[in-house]
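In case you want the letters, here they are:
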Amino acid sequence: MKFRRMIASTLAATPLPEILLRRRALKHVTVLGYHRVMPLPGPEYPFNEGMVSVTPEEFARELKYFRANLDVISMSQLLDGLRDPSRLPPRPAVITFDDGYRDNFNYALPLLNEAGLPACFFVCTGLVGTRAIPWYEAWVCCLKQSRARRIESPFDGDDAPYDLGPEHWPASFRRFRQRIRNVPWRQMPAQLERLRELTSVNPDDLLSDPLFMSWDEVRGLASAGMDIGGHTRTHPILSRVEDPVTLRDEIGGCHGDLAIALGRPPFAFAYPWGHTQAMSADADAEIARAGFQLSFSYMDGFAPRQVRKAARLPRLHTDFGDNHHAFRLRMATAPDLSSLAG
């Protein structure tokens, strides 16, 4: 492991990552996936610091990197290019953001405007303009702020207790994350309520400012030339939504919310979580039925230039905080996931 880090550090000090990226970008579409842009939070931050993809300073640096090495286009240009590859520029790339956090408006938008680059923001319409704390933020808050250092499992079966002390925190966090991602969506409210009881934590008490944008801010993004896409209403893992009425409400309702708020229908959708187990054929059908013309997963890799249908397109993860070397290496070495799309 130490030897591999030494090799990576040596490569990062050379132009090789840029040479590799520019060569690979000629054969693929590079779709960048971000969540939050904000200063790295300190240990007192009550919510999920893992949602912070990049600092503002590093994001500005990455935008310059994109301008130098890629041809950044809008989501509508990408859709046209997937239908007719001859319309794509030599090294097509798209910048995307998931969820609709307020820092997207406060930090990302000014930097995108300064760089003169477009982006697409996939928003959860049921969270916009609210003080809601979604499930994936709530459980992290409960564990981090727990008054008990050891809690019984809130899950069914023989799941072992969770030790939340510093020594066991990483393993407990990973195990809890895996278990809660497998919870059927209809059971999620009860799971969170049980977790609040076990930890004696109410995340609402720790929320100072809304986590998500207002509708005026979402419209401000659109007015600035940014694309707005759908990301469900409340961010469920869609493969865990068993009720077809709920599935249609989350996807079709999101499409309708955006059409009303923006005065035009959205055409792009991003799966929440977006790994293989988070997607489903039923959700794919609802995405198409709602009127979305292309969709994205969160599988980490390059997307194809030609597709049978523009569905489940992969995206490169950009979650490196302020580590520019790690970002450059990932851009150069990410896998080709063309075969997983469509």
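Below is a summary of the structure that appears in this document. What you are looking at is a predicted structure, and each value in this text was computed from that prediction instead of being measured. (Residues numbered from 1 in each chain as written. Predicted model: local features only at pLDDT ≥ 70, side-chain atom pairs only at ≥ 80, totals over all residues. Heavy atoms only, no water.)

The next thing to look at is the packing of helix 2 (residues 16–25) against helix 12 (residues 324–333). Orientation of helix 2 relative to helix 12, taken along the N-to-C sense of each, is 35°, at an axis distance of 8 Å. The two elements helix 2 and helix 12 meet at a crossing, and its hand is left-handed. Facing Pro17, Glu18, Leu20, Leu21 and Arg24 of helix 2, the residues of helix 12 in contact are Arg328, Leu329, Met331, Ala332 and Thr333. For the contact of helix 2 with helix 12, a count of residues per class yields six nonpolar, one polar and three charged. (Axes fitted to C-alpha atoms, helices over the stretch in contact; angles between N-to-C directions. Helix = DSSP H or I, 4+ residues; strand = E, 2+ residues; numbered from the N terminus. Left-handed = near helix turned anticlockwise from the far one by under 90°. Contact = heavy atoms within 4.5 Å. Nonpolar A, V, L, I, M, F, W, Y, C, P; charged D, E, K, R; others polar.)

For strand 12 (residues 313–317), the buried fraction is high: four of the five residues fall into the buried class. Sheet topology places strand 1 (residues 30–34) next to strand 12; two bridges connect them, and they run parallel. Residue pairing for strand 12: Gly33 is matched across the bridge by His317. As paired elements, strand 11 (residues 294–300) and strand 12 share two bridges and run parallel to each other. The residue of strand 12 that forms the bridge with Asp300 is Arg315. (Buried < 20%, exposed > 50% of the residue type's maximum accessible area, 1.4 Å probe, protein only. Pairing = 2+ DSSP bridges.)

Okay, the pattern of salt bridges next. Scanning all chains against the criterion turns up 17 salt bridges. A salt bridge links Glu18 to Arg328; the nearest nitrogen and oxygen atoms lie 2.6 Å apart. In this pair, Glu18 is assigned in helix 2 and Arg328 in helix 12, connecting sequence segments 310 residues apart. Just as Glu18 is buried, Arg328 falls in that class too. With a closest N to O distance of 3.2 Å, Arg179 and Asp159 form a salt bridge. Placement of the pair is Arg179 in helix 7 (residues 169–181) and Asp159 in the loop between strand 7 (150–151) and strand 8 (162–163), with a sequence separation of 20 residues. The partly exposed category is assigned to Arg179, whose relative accessible area is 28%. (Salt bridge = Lys/Arg side-chain N within 4 Å of Asp/Glu carboxyl O.)

Bear in mind that shape data such as this cannot, by itself, settle questions of function.
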